[in-house]
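Each chain, letter by letter, is given below.
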Amino acid sequence: MNLKEWAAATGDSYATARRRYEAGTLPVPTYRLGRLIMVGEPVTGTAIGSGQVVVYACVSSANQEADLDRQIARVTVWATGQRFAVDPAVTEVGSVLNGHRKKFLALLRDPNVSTLVVEHRDRFTRFGAEYVEAALSAQGRRLLVVDPVEVDDQVRDVTEILTSLCARLYASRAAANRARRAVEAATESSPV
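These lines cover the structure that appears in this document, whether it is placed above or below.

Basis of the calculations
Once a new chain begins, its residue numbering starts again from 1 and follows that chain's sequence as written. Reporting in this predicted model follows two pLDDT cut-offs: at least 70 for local features of residues, and 80 or more for side-chain atom pairs to be given and counted; totals over whole chains, interfaces and linings ignore these cut-offs and use all residues. The basis for every side-chain value is the complete set of heavy atoms in the structure, and neither hydrogens nor water enter the calculation. Under the scheme used here, helices are H or I runs from DSSP no shorter than 4 residues and strands are E runs no shorter than 2 residues, and both carry numbers assigned from the N terminus. Buried residues are those whose accessible area, probed at 1.4 Å on protein chains only, stays under 20% of the maximum for their type, while exposed residues exceed 50% and partly exposed ones sit between those limits. Contacts between residues were defined by any pair of non-hydrogen atoms, one from each residue, lying within 4.5 Å. Methods summary: accessible areas were calculated by the Shrake-Rupley approach with a probe of 1.4 Å, and residue burial reflects only the protein chains presented. Any Phe, Tyr or Trp ring, taking Trp's six-membered ring, that has another such ring centre within 6.5 Å forms a pair; planes under 30 degrees apart are called stacked, those over 60 apart edge-to-face, and the others tilted. Lysine and arginine charges are scored as sitting over a ring when NZ or CZ, respectively, is within 6 Å of the ring centre and within 35 degrees of the ring normal. Strands are treated as partners if at least two bridges between them are detected by DSSP. Every axis in this analysis is a line fitted to C-alpha atoms, fitted for helices over the stretch in contact. Angles between the N-to-C directions lie between 0 and 180 degrees. Only buried residues count toward a nonpolar core. Its members are Ala, Val, Leu, Ile, Met, Phe, Trp, Tyr and Cys residues joined through side-chain atoms within 4.5 Å. By definition, a salt bridge exists where a carboxyl oxygen of Asp or Glu is found within 4 Å of a side-chain nitrogen of Lys or Arg. Two helices that cross are described as forming a left-handed crossing if the nearer one is turned anticlockwise from the farther one by less than a right angle, and a right-handed crossing if clockwise. The nonpolar class holds Ala, Val, Leu, Ile, Met, Phe, Trp, Tyr, Cys and Pro. Asp, Glu, Lys and Arg form the charged class, and all remaining residues, Gly among them, are polar.

If you tally the helices and strands in the chain, you get six helices and six strands. Walking the chain from its N terminus toward its C terminus, one meets helices and strands in the order α-α-β-β-β-α-β-α-β-α-β-α. The burial tally for the chain puts 30% of its 192 residues in the buried class. When contacts within the chain are restricted to residue pairs at least 6 apart in sequence, long-range pairs at least 24 apart make up 65% of them. For the chain, the exposed area adds up to about 11,700 Å²; of that, 55% sits on carbon and sulfur atoms.

Here is the structure:
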């Protein structure tokens, strides 16, 4: 369990537990998991083979970064409850529609990662998760989804696709407009 849950269970405040952790005077063993402070011994895993169990969390924008910690906490608590030894927790900010998420791609390429744990399937990839799962399975690896209930909201999916495409279009158009205005300003202000 994480330090905040442990403090609530023992009747201490989180601030007191955090001070005791920093002073090294907690009566239980602790370890860090990303930005979380976990209480107790790391649990030995039951993952396929001897590979790592990695928790992956993703949010789509920088103003949602606080959600990353909560997402990692929920998934890590679930994974440790399932008796997995979670090695790293990987967080990323970027749209799941973006195929260039560096950390996500690194996890898929890493043969040492035997189990990838995500909270929702749409935090992993919006479309084609079945193909990725099949490819992982063919390599003796797996994807575990904590909350497999999916909201089948096709309107939301189409809106996200259109938003992504429009952002690309308008971003390239905005860059072209800035360049055109800079050239116009440079030619107008140059001495004749």
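Once you've had a look at it, read on.
Looking now at unusual backbone geometry. Phi is mostly negative for residues that are not glycine, and the peptide bonds are mostly trans. Unusually for a residue other than glycine, Arg83 sits at a positive phi of about 70 degrees. When you line up the elements, Arg83 lands in the loop between helix H3 (65-81) and strand E4 (86-93).

The next thing to look at is the packing of aromatic side chains. Here the structure, examined in full by the defined rule, presents one aromatic pair. Ring plane angle 45 degrees and centroid distance 5.8 Å describe the contact between Tyr56 and Phe104, whose orientation is recorded as tilted. With Tyr56 in strand E3 (residues 52-59) and Phe104 in helix H4 (residues 102-109), this pair connects stretches of sequence that are 48 residues apart. Here Tyr56 and Phe104 have matching classes, each one buried. Above the ring of Tyr14, the side-chain terminus of Lys4 is found at 5.3 Å from the ring centroid.

Moving on, we get to the sheet that holds E4. Where strands meet in a sheet, backbone hydrogen bonds hold them as pairs that are either parallel or antiparallel. Read across the open sheet, the four strands follow the order E4-E3-E5-E6; overall the sheet is parallel. Sheet topology places E4 and strand E6 (142-145) at the edges, where each strand pairs with a single neighbour. Pairwise comparison of adjacent strand axes, ignoring direction, gives a mean angle of 25 degrees for this sheet. Lying over the sheet, H4 contacts E3, E4 and strand E5 (113-118), oriented at roughly 145 degrees with respect to E4.

Before going further, it helps to spend a moment on the pairing of E4. As judged from the six bridges shared by E3 and E4, these two strands associate in the parallel manner. Bridge pairing in E4 places Val55 opposite Ala89.

One finds Leu36, Val53, Val55, Ile72, Phe84, Val86 and Val117 to be the most contacted residues of the largest nonpolar core, which totals 16 residues. Mapped onto this core, the elements with two or more residues apiece are strand E2 (36-39), E3 and H3. In terms of residue count, the dominant contributor to this core is H3 (five residues). Grouped together as the second largest cluster of nonpolar side chains are 13 residues, Tyr56, Leu107, Leu116 and Val145 included.

On to the pattern of salt bridges. Close approach of charged atoms allows side chains with opposite charge to pair. Across all of its chains, the model carries five salt bridges by this definition. Between Asp67 and Arg70 there is a salt bridge, with the nearest N and O atoms lying 2.1 Å from each other. Taken together, the residues span about one helical turn, with Asp67 and Arg70 both in helix H3 at a distance of three residues. On the accessibility criterion, Arg70 (45% relative accessible area) is partly exposed. The partner of Arg74 in a salt bridge is Glu119, and the shortest N-O contact between them spans 2.6 Å. Taken as a pair, Arg74 in helix H3 and Glu119 in the loop between E5 and helix H5 (129-138) lie far apart in primary sequence, 45 residues in all.

Moving on, we come to the packing of helix H1 (residues 3-10) against helix H2 (residues 14-23). Geometrically, a packed helix pair is captured by the angle between its two axes and the distance between the axes. Two elements in contact, H1 and H2, have axes whose closest approach is 9 Å; the angle formed by their N-to-C orientations is 115 degrees. Of the two possible hands of crossing, H1 and H2 adopt the one that is right-handed. Seen from H1, the contacting residues are Leu3, Lys4, Trp6 and Ala7; seen from H2, they are Tyr14, Ala17, Arg18 and Tyr21. Taken together, the residues of the contact of H1 with H2 break down into six nonpolar, no polar and two charged.

These figures come from the coordinates and say nothing about function on their own.
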